[in-house]
Amino acid sequence: MTATVPPAPSEHPIPDPAGRVELPPGAVLTDARFVNDDLLPVPLARRRWTTYNFTALWVGMAHNIPSWLLASGLVALGMDWKQAVFTIALANVVVLAPMLLTGHAGPKYGIPFPVLARASFGLRGANLPAMIRAGVACAWFGIQTWIGGQGIFVLLGKLFGGWAEASEVGGQPWTLWVCFVLFWALELAIIYRGMEALRRFENWAAPFVIVGALVLLVWVANKAGGLGPLLDQPSRLGWGADFWPVFFPSLMGMIAFWSTLSLNIPDFTRFGAGQRAQVWGQTLGLPTTMTLFALLSVFVTSGSQAVYGAAIWDPVQLAAKTDNVFGLLFALVTVLVATISVNIAANVVSPAYDLANLAPRFITFRTGALITGVVGVVIMPWKLTETPELYIFTWLGLVGGLLGTVAGILIADYWIVRRTRLDLTDLYTPGGRYWYTSGWNVHAVVAFAVGGVLAVGGSHSAPGKGPFPQDGLIPFLKPLADYGWAVGLAASLVVYVALTAGRRRV
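Everything numeric here is computed off the predicted structure, so don't read it as measured data.

The rules behind each value
- Residues numbered from 1 in each chain as written.
- Predicted model: local features only at pLDDT ≥ 70, side-chain atom pairs only at ≥ 80, totals over all residues.
- Heavy atoms only, no water.
- Helix = DSSP H or I, 4+ residues; strand = E, 2+ residues; numbered from the N terminus.
- Buried < 20%, exposed > 50% of the residue type's maximum accessible area, 1.4 Å probe, protein only.
- Areas by Shrake-Rupley, 256 points an atom, 1.4 Å probe, with all protein chains shown as cover.
- Core = buried A, V, L, I, M, F, W, Y, C linked by side-chain atoms within 4.5 Å.
- Contact = heavy atoms within 4.5 Å.
- Axes fitted to C-alpha atoms, helices over the stretch in contact; angles between N-to-C directions.
- Parallel < 35°, antiparallel > 145°, perpendicular 65-115°, else oblique.
- Nonpolar A, V, L, I, M, F, W, Y, C, P; charged D, E, K, R; others polar.
- pLDDT = per-residue confidence, 0-100.
- Polar contact = N/O pair within 3.5 Å; in protein donor to acceptor, adjacent residues only side chain to side chain.
- Left-handed = near helix turned anticlockwise from the far one by under 90°.
- Salt bridge = Lys/Arg side-chain N within 4 Å of Asp/Glu carboxyl O.
- Expected span 1.5 Å × (residues − 1).
- Arc of directions from axis to C-beta.

Asks: Please give an account of the overall build of the chain that cites residues and values.
Replies: When helices and strands are counted, the chain shows 19 helices and 6 strands. Residues counted as buried form 58% of the 506 residues belonging to the chain. Here the chain has roughly 19100 Å² of accessible surface; of this, 67% comes from carbon and sulfur atoms.

Asks: Pulling in residues and values, what's your account of the nonpolar core?
Replies: Ranked by size, the top nonpolar core spans 107 residues in total, and within it Met61, Leu155, Trp258, Leu261 and Phe268 carry the most contacts. Counting residues per element, this core draws most heavily on helix 6 (residues 127–160), at 12 residues. If near-sequence neighbours (up to four positions away) are discounted, Leu155 is found in contact with Val316, Ala319, Ala320, Leu328, Ala331, Leu332 and Val335. Tyr109, Val115, Ala119 and Ala356 belong to the second-largest nonpolar core, a separate cluster that totals 22 residues.

Asks: Which residues make up the side chain of Thr405, and what values go with them?
Replies: Of note, Thr405 is situated in helix 17 (residues 388–417). The buried category is assigned to Thr405, whose relative accessible area is 0%. Those residues in contact with Thr405, other than ones at most four positions away along the chain, are Ala447, Phe448, Gly451, Gly452, Ala455, Gly488, Leu489 and Ser492.

Asks: I'd like to hear about the packing of helix 2 (residues 65–76) against helix 9 (residues 244–264), residue by residue, with values.
Replies: Helix-helix packing: each pair is described by the crossing angle between the helix axes and the interaxial distance. Where helix 2 contacts helix 9, the two axes come as close as 12 Å, and the packing angle between them is 175°. Between helix 2 and helix 9, the angle is such that the two are roughly antiparallel. Here helix 2 contributes Pro66, Ser67, Leu70 and Leu74 to the contact with helix 9, which in turn contributes Ser250, Met254, Phe257 and Trp258. Classifying every residue of the contact of helix 2 with helix 9 gives 6 nonpolar, 2 polar and no charged.

Asks: So what's going on with the confidence of the model for the chain? Residues and values would help.
Replies: Counting all residues, the mean pLDDT for the chain is 82, and 89% of those residues have values of 70 or more. Scored below 50 in pLDDT, residues 1–11 shows 32 contacts in the model against residues more than four places distant or in partner chains.

Asks: I'd like a description of the side chain of Asp426, backed by residues and values.
Replies: Relative to the helices and strands, Asp426 is located in the loop between helix 17 and helix 18 (442–456). Residue Asp426 is classed as buried on the basis of its relative accessible area, which comes to 15%. Within the structure, Asp426 has its side chain in polar contact with the side chain of Arg433 (distance 2.9 Å). In this structure, Asp426 is in contact with Leu123, Gly432, Arg433 and Tyr434, ignoring residues within four places of it in sequence.

Asks: Can you lay out the packing of helix 7 (residues 174–191) against helix 14 (residues 325–347) for me, pointing to particular residues and giving the numbers?
Replies: One can describe the packing of helix 7 onto helix 14 by two numbers: an axis separation of 10 Å at closest approach and a directional angle of 55°. Regarding the angle of helix 7 to helix 14, the classification is oblique. Our pair here, helix 7 against helix 14, has a crossing hand that is right-handed. For the pair formed by helix 7 and helix 14, the contact residues are Phe183, Leu186, Glu187, Ile190 and Ile191 on the first element and Leu336, Thr339, Ile340, Asn343 and Ile344 on the second. Looking at side-chain class alone, the contact of helix 7 with helix 14 contains 7 nonpolar, 2 polar and 1 charged residues.

Asks: Can you break down the pattern of salt bridges residue by residue, with the values?
Replies: With the rule as written, the count across this model stands at 4 salt bridges. For the salt bridge of Arg418 with Asp413, the shortest nitrogen-to-oxygen distance reads 2.8 Å. Take Arg418 and Asp413: they sit in the same class, and that class is buried. In this structure, Arg433 engages Asp426 in a salt bridge whose closest nitrogen and oxygen atoms are separated by 2.9 Å. Look at Arg433 and you get partly exposed, because its relative accessible area is 39%. One continuous salt-bridge network, built from bridges that share partners, spans Asp423, Asp426 and Arg433.

Asks: So what about helix 18? Which residues, and what values?
Replies: Here helix 18 spans 21 Å end to end across 15 residues, near enough to the 21 Å set by a 1.5 Å rise per residue. Restricting attention to buried positions, one finds in helix 18 the residues Ala444, Ala447, Phe448, Gly451, Gly452, Ala455 and Val456. Buried residues in helix 18, looked at end-on, bunch into an arc of 125°, giving them a common side. The backbone nitrogen of His443 lies 3.2 Å from a side-chain oxygen of the residue at the head of helix 18, namely Asn441.

Okay, structure coming up:
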């Protein structure tokens, strides 16, 4: 495949006053192993996402059922509501830093995550972090789609009745499978229309979901005559020796919730009008939204305890308590919009680009999205949410450790080694400065191996609570397992910088 930028006399990348760079006009990239139209830098004229677009993107992604359930998972582990909200708030402030650092390359060069990874891992080596990120996204796509399908099933069952008593297929009512498949198809239909369609969808989805959540709060508070007793329940952990062993792995789990996006955020920022748009948009959108959403979930659940005598953490189950047809329909639409807005943005865009990077000749962005949809169903990842221990410690902790390791290498290479200077043409050209050894940068692979082993080597599970040995995969690394994301990021960053010392280059 040959990708061509319209011809012009210049032979060098052209910066603009905002410091953004695009390919030299007239550049012809001919190697179909490393380029297709979806992987090329976004032209300056098409980089027009504003602060509002990025803020709306994060509001749309953060306002979803798994985000709502994060606080409940922490409370189930023994925290009170204040400790749970504090943990979530701190985690999102922490993860914002790598989000902004890796996001910088997007507006400046217009490149997606797998192309940025070529600078550090090599043109072929970039497929290593890209496939790790794609695999995680496929699993998340399955989780979110299953949760969304369950929400539709519950609410439609309340409207029409009898759905839960339908004959079972594969251990579930066939009506639930129908809801799941229809929801899956709707998601892929939207993303198949491309990134501009996603931007327009997120712009109106974000305020709609906020309104839906506030309506749920007002409804519950009105029925309760105020907020319930949950806010007064003490922590079972306190703030002493029992709290910290739960807090740190929980913090790493909350960081891991969005650590996936800290890698592939260039997939979105590449459409940004400038650094100001992505920095302010993400800062206003991520930590504030997640903290307020956690508070909202606690307040609504508190009201549900006052009304129904038991805390109902699942917003779908709570909405199903109403007998008002309009209220049920509104809740149904809200669940649809909330889940779609996060799933197609967070869990389809990245693997679509990552798979395109694997075989640009055969896989386009749209083809990658369809593959993601199929893989996300086949691997059945919804089982990961069966218990808080498995979901927060095992799944999120393991994922966070590996993705933190990749983030450390990307940040070290882009900010410390290259000082944000990249050669766009060579990112697509075998034999160029990013070719290293047959397309692989051995230094990045070594840093990844060291960081990955330190981050997840000590992974452990309580008896009967997970897949790992009680003493850890590598017992002497067990103390590091609770800090997997931070350990992986710091270790890989330090190792990569040490290995590339004295090699400061574009």
